[in-house]
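# Structural characterization, general
Now for the letters of each chain:
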Amino acid sequence: MTPDDLLRDFARTRASLDGEEAVYWWTGDVHAWAPGEPYRRLFGFEGVNVSRLVADEAEGGYRLLSREAAFYLDPATREILETWQDKPVVHVWNDPANLRLRPFPVPRTELGGQVCFSLEIPLAYPSPLPVADYPLNSADDTYRALELFQFFTPAEALAGAAPSVPATMSWTRMSPWLPWMEQGQRPGGLTFHCRGVKLGSYAEVPERTRAYVSGRHPEFAHAPEKWTEPNETSWTYFRALHPRGNPQ
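Here is a short report on the structure shown in this document. (Residues numbered from 1 in each chain as written. Predicted model: local features only at pLDDT ≥ 70, side-chain atom pairs only at ≥ 80, totals over all residues. Heavy atoms only, no water.)

What follows concerns the overall build of the protein. The helix and strand tally for the protein stands at four helices and twelve strands. In terms of C-alpha radius of gyration, the protein reaches 19 Å, essentially the compact-globule figure of 18 Å for 248 residues. Seen along its three principal axes, the alpha-carbon backbone of the protein occupies a region of about 55 × 40 × 35 Å. Counting over 248 residues, the protein shows a buried share of 46%. (Helix = DSSP H or I, 4+ residues; strand = E, 2+ residues; numbered from the N terminus. Rg over C-alpha atoms; globule rule 2.2 N^0.38 Å. Buried < 20%, exposed > 50% of the residue type's maximum accessible area, 1.4 Å probe, protein only.)

See the structure below:
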């Protein structure tokens, strides 16, 4: 397959070529690790991404316009947390969470009756939260993380011409401690381990999640209409909430 063919098939799996909104919902857990300590499951994690795919006439490929909300849960009851160890929990409200998709050799694996597209994304860039300004919230002046995605779709569906195909996904992220956890430069970090599904519509998102979004940021029920940048992340969102830092 050519890079253009691969990108088209991946785009049909991740979103929809006809510009209709695509909704992914996922669930999983967040585990902590630190030198000399046992691994611990700290949180449950549940989220939703609503996206719209548009052709990039200027540069080729596609632009994926999306918003993403996700919530930290009590690991036992799976209720959405508002505090953790007497600290306010800052949930994920990434608006936008956009992506440029260019033709490239997307890793594609045949798994019997399924096709898997896998993406490995190492990240390293200047942290939005410099340690000097955010000593309680930042582990390093460089943000480092590893994002691992897998998208699975039936090979039979992909062989057809539909603009969107059904899919499931897995996502793993290795990252520093979250800013609101106030772990400073303590060695260690977090591993997110989640799995999810491409839904038929936003109405299929679990009611609890839809109600939480509706009561706080109802715009997250839809994808953005226009491309904007830069993207929001948990680190930039925390900075917006605390623009003057959180000194010791």
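As a further point, take the pairing of strand β12 (residues 189-199). Of the pairings in the sheet, the one linking strand β1 (residues 22-33) to β12 comprises eleven bridges and is antiparallel in character. When the bridges of β12 are listed, W26 appears paired with G196. Here strand β11 (residues 168-175) runs beside β12; their pairing, made up of eight bridges, is antiparallel. The residue bridging W171 from the neighbouring strand is C194, located in β12. (Pairing = 2+ DSSP bridges.)

Quick look at empty space enclosed by the protein now. One pass over the structure, following the stated rule, counts one cavity of 30 Å³ or more. Taken together, the residues of the lining of the largest cavity break down into five nonpolar, two polar and no charged. (1 Å grid on protein atoms, 1.4 Å probe; cavity = no way out; pocket = protein on both sides within 12 Å on 5 of 7 lines; lining within 4 Å. Points joined across faces, edges and corners; volume = space filled by probe spheres on them. Nonpolar A, V, L, I, M, F, W, Y, C, P; charged D, E, K, R; others polar.)

The full count for this structure, using the stated rule, is 21 aromatic pairs. An aromatic cluster is defined as three or more aromatic residues linked by ring pairs; in this entry it consists of F10, Y24, F43, F45, Y72, W84, F117, F149, F151, W171, W180 and F192. The cationic tip of R173 hangs over the ring face of F192; the distance from NZ or CZ to the ring centre is 4.3 Å. Positioned over the ring face of Y212 is R216, at 3.6 Å from the centre of the ring. (Phe/Tyr/Trp six-rings, centres within 6.5 Å; stacked < 30°, edge-to-face > 60°. Lys NZ or Arg CZ within 6 Å of the ring centre and 35° of its normal.)

Turning to the side chain of H91, a few remarks are in order. With respect to the helices, strands and loops of the structure, H91 is situated in the loop between β5 (87-88) and β6 (92-94). Among the polar contacts listed, one links the side chain of H91 to the backbone nitrogen of Y72, at a separation of 3.1 Å. Within the structure, H91 has its side chain in polar contact with the backbone oxygen of L81 (distance 2.7 Å). (Polar contact = N/O pair within 3.5 Å; in protein donor to acceptor, adjacent residues only side chain to side chain.)

To continue, consider the state of the cysteines. Within the structure shown, the criterion is met by zero disulfides. In this structure C194 is not part of a disulfide, and its nearest cysteine sulfur, from C116, lies 16 Å away. Owing to a relative accessible area of 2%, C194 belongs among the buried residues under this scheme. (Disulfide = S-S within 2.5 Å.)

Here we take up unusual backbone geometry. The step from D95 to P96 runs through a cis peptide bond, and the omega angle for that step is 5°. Turning to its location among the elements, P96 is positioned in the loop between β6 and β7 (99-101). With an omega of 5°, the peptide bond running from E229 to P230 counts as cis. Turning to its location among the elements, P230 is positioned in the loop between α3 (207-216) and α4 (234-241). Unlike most non-glycine residues, E182 shows phi in positive territory, near 55°.

Let us now look at the environment of E68. Here E68 is to be found in strand β3 (residues 62-73). Every residue in contact with E68, bar those within four places of it in the chain, is listed here: W26, V48, N49, V92, W93, N94, A97 and F220. (Contact = heavy atoms within 4.5 Å.)

Turning our eyes to something else, we now look at the layout of surface pockets. Each pocket or cavity is described by its volume, and for the largest pocket that value is around 1,100 Å³. As for the largest pocket, its lining consists of 39 residues, of which E68, A97, E147, F149 and N231 are closest to the centre. Residues belonging to the lining of the largest pocket are distributed by class as follows: 23 nonpolar, eight polar and eight charged. In terms of lining residues, the second largest pocket is bounded by 20 residues, among which A139, D140, R144, P176 and G188 are the most central. Mapped by element, the contributors of at least two residues to the lining of the second largest pocket are β10 (142-154), β11 and β12. No other element matches β10, which puts three residues into the lining of the second largest pocket.

Secondary-structure assignment places F45 in strand β2 (residues 40-55). Taking C-alpha positions, F45 is 5.6 Å from L73, a pair spaced 28 residues apart along the chain.

This brings us to the pairing of β11. When β10 meets β11, the two strands line up antiparallel, connected through seven bridges. By the bridge assignment, F149 is partnered in β11 with W171.

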